[in-house]
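# Structural overview for review
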Amino acid sequence: MAKKKQIELTIEEKLQNALVPKEEQPYKIPNNWCWTRLENIAEWGSGGTPSRKRKEYYNGNIPWIKTGELNNGYIFNSEEKITELGLKNSSAKLYPINTVIIAMYGATIGKVGILSIEATTNQACACAIVNKNILFKYVFHYLIYQKEAFINKSKGGAQPNLSQEIIKKHEIPLPPINEQQRIVNRIESLFTKLDKAKNLIENTMAKYEKIELLKKAILAKAFRGELGTNNPDEESAENLLKEILAEK
């Protein structure tokens with residue numbers, strides 16, 4: 001029997017499928033933003049662990065990242081390294097610089113990192129190669145902001161567990177590219193000031209907690225379009241999403 005011919009969707013149909021239905025949208029965003037899902041703005045993958053029984057798979061020169069090394073910042077090195085043989089004979093994959101990583105299991109669930117080196121990861125890491133039309137730092141900061149939401153969505157017994165499928169179906173508000181850059185710049189400027197303040201104060205837990213609460217408040221405003229002034233004349237987010245979908 002001949003295979004059924006696959007129906008090719010138009011860009012408009014792809015866009016409609018990529019947008020989050022109004023009833024599922026977590027909160028109101030500016031008119032020139034749109035809600036989509038993480039699966040539409042990045043290529044997602046995971047890693048693997050070469051057999052510990054094979055010594056020739058370890059102590060090589062390929063960085064191999066575990067979730068305990070995710071620190072909500074850049075990753076410059078790894079505690080362990082694997083060999084070409086270990087990479088070839090496992091489900092580990094080599095990810096490029098600027099890949100965004102989120103921890104899926106256990107005590108580190110929801111921790112995030114950005115690769116500043118080419119590296120592999122274990123299977124507890126979900127890795128996003130962010131679409132070239134999206135700022136990877138925008139995705140990075142949004143994932144940090146969504147840590148509690150991911151924990152609430154996690155499944156498992158004694159320890160919470162996420163799956164790639166849960167992460168990929170998670171909603172993300174998508175502003176125009178210029179607005180993404182403005183948001184990233186504003187977040188990083190404010191966070192730098194808060195970190196300087198943290199370094200200046202003495203070991204006072206109440207002050208540290210206040211700074212962390214301020215960071216959460218900044219992220220909440222940033223991803224609702226409330227951090228500074230929006231430019232209504234910017235390219236619409238739906239046009240940006242159309243461009244992304246056209247490349248798939």
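Residues numbered from 1 in each chain as written. Predicted model: local features only at pLDDT ≥ 70, side-chain atom pairs only at ≥ 80, totals over all residues. Heavy atoms only, no water.

### So, the overall build of the protein
Of regular secondary structure, the protein possesses eight helices and 10 strands. Scored against the burial criterion, the 248 residues of the protein give a buried share of 46%. At a minimum sequence separation of 6, the contacts of the protein that also span at least 24 residues come to 71%. Summing over all exposed atoms, the protein offers an accessible surface of approximately 13800 Å²; the carbon and sulfur share of this is 51%. (Helix = DSSP H or I, 4+ residues; strand = E, 2+ residues; numbered from the N terminus. Buried < 20%, exposed > 50% of the residue type's maximum accessible area, 1.4 Å probe, protein only. Contact = heavy atoms within 4.5 Å. Areas by Shrake-Rupley, 256 points an atom, 1.4 Å probe, with all protein chains shown as cover.)

### Details of helix α1 (residues 11-18)
Burial in α1 covers these residues: Lys-14, Leu-15 and Ala-18. In a view along the axis of α1, the buried residues occupy a sector of 100°, so they form one face of it. Relative to its buried face, α1 has exposed residues pointing more than 90 degrees away, namely Gln-16 and Asn-17. (Arc of directions from axis to C-beta.)

### Re the side chain of Asn-131
Among the secondary structure elements, Asn-131 is positioned in the loop between β9 (125-130) and α3 (136-145). A distance of 2.8 Å separates a polar side-chain atom of Asn-131 from the backbone nitrogen of Asn-133. (Polar contact = N/O pair within 3.5 Å; in protein donor to acceptor, adjacent residues only side chain to side chain.)

### A look at the sheet that holds strand β5 (residues 80-82)
Read across the sheet, three strands follow the order β5-β3-β8 without closing on themselves; strand pairing throughout is mixed. The open sheet has two free edges, formed respectively by β5 and β8 (120-121), since each of these has just one partner strand. In this sheet, β8 lies alongside strand β3 (residues 58-65) in parallel orientation, the contact comprising two bridges. Counterpart to Trp-64 in the pairing with β8 is Thr-120. (Pairing = 2+ DSSP bridges.)

### Topic: the pattern of salt bridges
A side chain of one charge can pair with a side chain of the opposite charge if their charged atoms are brought near each other. Summed over the entire model, instances satisfying the criterion amount to 13 salt bridges. For the salt bridge of Lys-215 with Asp-195, the shortest nitrogen-to-oxygen distance reads 2.6 Å. Taken together, the residues Lys-215 in helix α7 (residues 205-222) and Asp-195 in helix α6 (residues 177-200) connect sequence positions 20 residues apart. Accessibility expressed as a relative area gives 31% for Asp-195, which makes it partly exposed. The network of salt bridges with shared partners includes Arg-52, Lys-66, Glu-69, Glu-79 and Glu-80. (Salt bridge = Lys/Arg side-chain N within 4 Å of Asp/Glu carboxyl O.)

### Digging into the packing of aromatic side chains
Summed over the entire model, instances satisfying the criterion amount to seven aromatic pairs. Geometrically, the ring pair formed by Tyr-27 and Trp-35 is edge-to-face, given 5.0 Å between the ring centres and 75° between the ring planes. Residue classification places Trp-35 among the buried residues on the basis of a relative accessible area of 2%. Between Tyr-145 and Phe-223, the ring centres sit 5.6 Å apart and the planes meet at 15°, which makes this aromatic pair stacked. Here Tyr-145, found in helix α3, pairs with Phe-223, found in the loop between α7 and α8 (237-246); they are 78 residues apart in sequence, far enough to count as distant. Each member of the aromatic cluster is reached from another via a ring pair, and the members are Tyr-138, Tyr-142, Tyr-145 and Phe-223. When the ring centre of Tyr-27 is taken as reference, the NZ or CZ atom of Arg-224 above it lies at 3.9 Å. (Phe/Tyr/Trp six-rings, centres within 6.5 Å; stacked < 30°, edge-to-face > 60°. Lys NZ or Arg CZ within 6 Å of the ring centre and 35° of its normal.)

### Topic: the nonpolar core
In terms of nonpolar packing, the biggest core is built from 49 residues, with Ile-167, Ile-187 and Phe-223 touching the most fellow members. Excluding residues that lie within four positions of it along the chain, Phe-223 makes contacts with Tyr-27, Ile-29, Trp-33, Tyr-138, His-141, Tyr-142, Tyr-145, Pro-173 and Ile-187. With 10 residues, the next largest nonpolar core counts Ile-75, Tyr-95, Ala-103 and Leu-115 among its residues. (Core = buried A, V, L, I, M, F, W, Y, C linked by side-chain atoms within 4.5 Å.)

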